[in-house]
Amino acid sequence: MKRFIVIVYCCFLIGHALYAQIYQANYMPLYRTASGHYAFHTLINDKVMGQVMIESGIYAAIVDSAFFFKHKEALGMVALPNDRNKEMNLGGKVYRITHRAKGKLPMGNMVYKGEVLILANYKNDTSIILPIQNLYHRSDWGSRIIMLDLDGGKLQMLTRSELKQCQGRRYKLNRNTYGRMPAVKEMVVFETPGGKVVLEGNFNIDLGNPMPLYLRGQSEAVKELLERHKELHPALGTSRSGQTLKTLLPQRCTLLGCTFEHPVVCITDRLFRFTTEGLIGLPLFRGRIAVFDFENYYLYMQE
């Protein structure tokens, strides 16, 4: 019995130390999930311990219905029933949106502000998925500046004064997209044995995408690229979820100041509601520190 009490007490001390570390730290330690996304452990609403996945290719927070209703009071949100026909496609799987909520979710020195979609049977390796463009600094209110260091395993909210110290190349972001998700107008350069091929367009930033570049087949610019440049060697490939996709196999691909050797560039026709030329994925943000200023809509890339 005495040994049991000692074990329980030790667990309490470890848990208390973890809570204190999360609350007092000025950054969230990131880890990589089984799906390849990045996430962190935190105390949600200062009451509920949870695992939070970061995204940018979604317009609202996503919560599994079982987690939400188990912690409904602690989360402090009122969920309203949703239209039975409303669904959401995530990673090729379709989930029913059972309820919607709106409000704030404080976590450490940040707070999520916006809509929350509650999905039926969304069994994921995290409790909540958050779009980083809706994260605010908890004390420097109105500030939406996020530093993302994937190699160092850090997500940190910056103040406006800290942003002034940021260096690196600056890119203008925009919200001229489906769901007002962040995007950047960029020139993509493909290198082939026959020379260079350029694709100009608007690209969503997708922190859940394992590929450096994903093209949207419905885009007129992408259609023209495929028709005019057979030297890109369009071929068929298979995604991790088993989907058959068109692929491009250039020798090199350069975008956002980063060059990839022999990349596989996938083309999908399943992004029905999107309006951009494609998606820019996680490999663009590895090996560099990215600072997203969603207040003024700029991206800083630091080598």
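Here's a quick rundown of the structure. This one's a predicted model, so the numbers in the text were calculated from it and none came from an experiment.

**Focus on the side chain of serine 219**
Reasoning step 1: Mapped onto the secondary structure, serine 219 falls in the loop between strand E17 (213–216) and helix H5 (220–228).
Reasoning step 2: Engagement of the side chain of serine 219 in a polar contact is seen with the backbone nitrogen of alanine 221, the distance being 3.3 Å.

**Things to note about the pattern of salt bridges**
Close approach of charged atoms allows side chains of opposite charge to pair.
Reasoning step 1: Taken as a whole, this structure holds eight salt bridges when the rule is applied.
Reasoning step 2: Residues glutamate 295 and arginine 160 are paired through a salt bridge, measuring 3.1 Å at the closest nitrogen-oxygen approach. Here arginine 160 lies in helix H4 (residues 160–163) and glutamate 295 lies in the loop between strand E24 (289–293) and strand E25 (298–302), a separation of 135 residues in the sequence.

**A word on the side chain of threonine 177**
Reasoning step 1: Relative to the helices and strands, threonine 177 is located in the loop between strand E14 (169–174) and strand E15 (183–192).
Reasoning step 2: Within the structure, the side chain of threonine 177 is placed 2.6 Å from the backbone oxygen of methionine 181, a separation counted as a polar contact.
Reasoning step 3: Those residues in contact with threonine 177 that sit more than four places away from it in its chain are Ala183, Asn202, Asn204, Thr275 and Thr276.

**A word on the environment of leucine 173**
Reasoning step 1: With respect to the helices, strands and loops of the structure, leucine 173 is situated in strand E14.
Reasoning step 2: For leucine 173, a relative accessible area of 3% corresponds to the buried category.
Reasoning step 3: In this structure the C-alpha to C-alpha distance between leucine 173 and valine 184, which are eleven residues apart in sequence, comes to 4.8 Å.
Reasoning step 4: Non-local contacts of leucine 173, meaning those with residues more than four positions away in its chain, are made with Ala183, Val184, Ile205, Phe292, Phe294, Tyr297, Tyr298 and Leu299.

**Structural notes on the pairing of strand E16 (residues 195–205)**
Reasoning step 1: Pairing geometry for E15 and E16, over ten bridges, is antiparallel. Bridge pairing in E16 links methionine 187 to glutamate 200.
Reasoning step 2: Hairpin connection between E15 and E16: a loop of two residues separates the two successive antiparallel strands.
Reasoning step 3: Direction of pairing for E16 relative to strand E23 (residues 278–280): parallel, over a ladder of three bridges. Bridge pairing in E23 links asparagine 204 to leucine 279.

**Focus on the pairing of strand E21 (residues 258–261)**
Reasoning step 1: Side chains Cys258 and Phe260 project from E21 onto a buried face, and the interleaved Thr259 and Glu261 project onto a face without burial.
Reasoning step 2: Counting the residues in the hairpin turn of strand E20 (residues 252–255) and E21 gives two residues, including leucine 256, whose phi is positive at 50°.

**Some thoughts on a positive patch on the surface**
Reasoning step 1: Residues Arg170, Lys172, Arg175 and Arg180 make up a contiguous surface patch of positive charge.
Reasoning step 2: Within the secondary structure, lysine 172 is located in strand E14.

**Observations regarding the packing of aromatic side chains**
Reasoning step 1: The full count for this structure, using the stated rule, is eight aromatic pairs.
Reasoning step 2: Ring geometry for tyrosine 95 and tyrosine 122: centres 4.9 Å apart, planes at 85°, overall edge-to-face. One end of the pair, tyrosine 95, is in strand E8 (residues 93–107); the other, tyrosine 122, is in the loop between strand E9 (110–119) and strand E10 (128–131), with 27 residues separating them in the sequence. Of the two residues, tyrosine 95 and tyrosine 122, neither departs from the other in class, the shared state being buried.
Reasoning step 3: Ring geometry for phenylalanine 294 and tyrosine 297: centres 5.6 Å apart, planes at 65°, overall edge-to-face. Exposure class is identical for phenylalanine 294 and tyrosine 297. Each is buried.
Reasoning step 4: Grouping aromatic residues by their ring pairs yields a cluster made of Phe285, Phe292, Phe294 and Tyr297.

**Some words on the environment of arginine 169**
Reasoning step 1: Structurally, arginine 169 can be placed in strand E14.
Reasoning step 2: Taking the C-alpha atoms as reference points, arginine 169 and methionine 301, 132 residues apart in sequence, are found 5.4 Å from one another.
Reasoning step 3: Once residues lying within four places of it in the same chain are set aside, the contact partners of arginine 169 are Gly257, Leu299, Tyr300 and Met301.
Reasoning step 4: Polar contacts involving the side chain of arginine 169 include one to the side chain of tyrosine 171, which spans 3.4 Å.

**Description of H5**
Since the α-helix packs 3.6 residues into each turn, any two residues three or four apart lie on the same face.
Reasoning step 1: When we look at burial in H5, the residues that qualify are Val222, Leu225 and Leu226. Buried residues of H5 fall within an arc of 95° about the axis and therefore sit on the same side. Seen from the open side of H5, the exposed residues pointing more than 90 degrees away from its buried face are Glu220, Glu227 and Arg228.
Reasoning step 2: Against E15, E16, E17, strand E19 (244–248) and strand E22 (265–268) lie the buried residues of H5.
Reasoning step 3: For H5, the side-chain oxygen to backbone nitrogen distance between the N-cap and alanine 221 is 3.3 Å, and the N-cap itself is serine 219.

**Here we look at the nonpolar core**
Reasoning step 1: Phe190, Leu215, Phe285 and Phe292 are the most contacted members of the largest nonpolar core, which has 78 residues in total.
Reasoning step 2: Take this core: its biggest share by element is six residues, from E9.
Reasoning step 3: If sequence neighbours within four positions are ignored, phenylalanine 285 has contacts with Leu150, Ile205, Leu207, Ile280, Ala290, Phe292, Leu299 and Met301.

**A few points about unusual backbone geometry**
Reasoning step 1: Non-glycine residue asparagine 45 carries a positive phi angle of around 60°.
Reasoning step 2: Mapped onto the secondary structure, asparagine 45 falls in the loop between strand E3 (38–44) and strand E4 (48–55).
Reasoning step 3: Despite not being glycine, arginine 180 has its phi angle at roughly 55°, a positive value.
Reasoning step 4: Relative to the helices and strands, arginine 180 resides in the loop between E14 and E15.

Cut-off values and rules
- Residues numbered from 1 in each chain as written.
- Predicted model: local features only at pLDDT ≥ 70, side-chain atom pairs only at ≥ 80, totals over all residues.
- Heavy atoms only, no water.
- Helix = DSSP H or I, 4+ residues; strand = E, 2+ residues; numbered from the N terminus.
- Polar contact = N/O pair within 3.5 Å; in protein donor to acceptor, adjacent residues only side chain to side chain.
- Salt bridge = Lys/Arg side-chain N within 4 Å of Asp/Glu carboxyl O.
- Contact = heavy atoms within 4.5 Å.
- Buried < 20%, exposed > 50% of the residue type's maximum accessible area, 1.4 Å probe, protein only.
- Pairing = 2+ DSSP bridges.
- Patch = residues over 30% accessible without salt bridge, like charges linked within 9 Å, V, L, I, M, F, W, Y side chains within 5 Å.
- Areas by Shrake-Rupley, 256 points an atom, 1.4 Å probe, with all protein chains shown as cover.
- Lys, Arg positive; Asp, Glu negative; His and termini not counted.
- Charge placed at Lys NZ, Arg CZ, Asp CG, Glu CD.
- Phe/Tyr/Trp six-rings, centres within 6.5 Å; stacked < 30°, edge-to-face > 60°.
- Arc of directions from axis to C-beta.
- Core = buried A, V, L, I, M, F, W, Y, C linked by side-chain atoms within 4.5 Å.

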